[in-house]
Amino acid sequence: MKATAGNVRGDTANGEKQIILEDSNHWPSEDKSTSTKKVSEAEDGDIFYKFVILHAETDESEAIRVKNLLQDKFNIKPGIIFAEMPAGQQVLKNLDNAVNGSAWTILLLTENFLREAWCEFQSHATLINSIHMHHKYNSVIPVRPKDNYLPREKTPFALRLINALEEGNPEFSKQVTKTFREDLYKKQYKVWEAEKESLEHERP
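Here the structure is a predicted model, which means the values were calculated and not measured. Throughout this description, residue numbers start from 1 for each chain and increase along the sequence as written. Local features in this predicted model are restricted to residues whose pLDDT is 70 or higher, and side-chain atom pairs enter the listing and the counts only when it is 80 or higher, whereas totals over whole chains, interfaces and linings include all residues. The basis for every side-chain value is the complete set of heavy atoms in the structure, and neither hydrogens nor water enter the calculation.

So, the overall build of the protein
Part 1 of the reasoning: Each helix and strand counted, the protein has six helices and seven strands in total.
Part 2 of the reasoning: Numbering of helices and strands runs from the N terminus, with a helix taken as a DSSP run of H or I at least four residues long and a strand as a DSSP run of E at least two residues long. Listed by position from the N terminus, the elements making up the protein come as β-β-β-α-β-α-β-α-β-α-β-α-α.
Part 3 of the reasoning: In the protein, 70% of the contacts between residues at least 6 apart in sequence involve partners at least 24 apart.
Part 4 of the reasoning: Using the Shrake-Rupley algorithm and a 1.4 Å probe, accessible areas are obtained, with residue cover drawn only from the displayed protein chains. Surface accessibility of the protein: about 11,400 Å² in total, with carbon and sulfur atoms responsible for 49%. What makes two residues a contact is simply this: any of their non-hydrogen atoms within 4.5 Å.

So, in C-alpha cells, the structure goes:
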C-alpha cells in the first residue's frame, strides 16, 4: 500500500483500524503502461459520467476491462475508472469528483480489495455519501468480476448488505440492465447540472 493513499493504525480505542490519509497527489501514478488516456474534459468538470469504477491499485487493468465491458456490450457510457482521474489533484479531491461526477459508483470487489486500506476508505466514504445525499441512494454498486473475485463470506459486512453484480452469474446481463437505468441517470444528471450552474453563479 502506497503512502499516497493512506496508512492504517490499529491503536484506536475500540480496536478498529483507522485510516490516515496523507496530503499528497493523485493515485495511482500516471506512468503505468496499463493507464488509458486521460479524458481532458474531466479536468473542467464538463462530463457527468454514468459510472466510475473504484478499484485496488493492482486491479487497474481489470477495472479497464470491466469499464469496456459495460460501455461496449451494454452501451453504458461514458464511464471512467479511478486511475483515469486527472492528475495534479489531491486524492480526496479526486474521490469527491469521481463520486459526485457520476451517476453510479462501482466498487470492484476482487481479492486485492481487502489488501489495500485505501479501498476500505473508498467503500466507507461512498456508502456514507449515498446515505446522506438523497439523489445518491442506491448508487453504490459492488461488482464481482469473473476472475479473482472477493467471495461473499470475505466481503465487509456493510457491502454484504448490498446486492452485488456478479459477472459469473447467468443473470448478469439482466442485472446490469435493471441497475443502470436511463431514467435514474437523468435524475442525477439534473441535480449535478443544477449544482454546477449554482457554483458558476457564485463565482465573482
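Section: the side chain of His 55
Part 1 of the reasoning: Residue placement: His 55 occurs in the loop between β3 (49-54) and α1 (60-72).
Part 2 of the reasoning: A polar side-chain atom of His 55 sits 3.3 Å from the main-chain amide nitrogen of Ala 83. Polar contact criterion, stated in full: a pair of N or O atoms within 3.5 Å, where within protein one must be able to donate a hydrogen and the other to accept it, and residues adjacent in sequence count only if both atoms are side-chain atoms.

Some details on the confidence of the model for the protein
Part 1 of the reasoning: Per-residue confidence from the predictor is reported as pLDDT, which spans 0 to 100. Looking at the protein as a whole, the pLDDT averages 79, with 75% of positions reaching at least 70.
Part 2 of the reasoning: Predicted confidence for residues 1-44 stays below pLDDT 50, and this span has 84 contacts to residues more than four positions away or in other chains.

Structural notes on the pattern of salt bridges
Part 1 of the reasoning: Put simply, a salt bridge is a Lys or Arg side-chain nitrogen that is within 4 Å of an Asp or Glu carboxyl oxygen. This structure, assessed with the given rule, holds nine salt bridges.
Part 2 of the reasoning: Note that Lys 154 is salt-bridged to Glu 111, the shortest N-O span being 2.8 Å. In this pair, Lys 154 is assigned in the loop between β6 (140-144) and α4 (157-160) and Glu 111 in the loop between β5 (102-108) and α3 (117-132), connecting sequence segments 43 residues apart.
Part 3 of the reasoning: For each residue, the accessible area found with a 1.4 Å probe, counting protein chains only, is set against the maximum for its type, and the residue is called buried under 20%, exposed over 50%, and partly exposed in between. A relative accessible area of 39% places Lys 154 in the partly exposed class.
Part 4 of the reasoning: Through salt bridges with shared partners, one network takes in Glu 62, Arg 65 and Glu 167.

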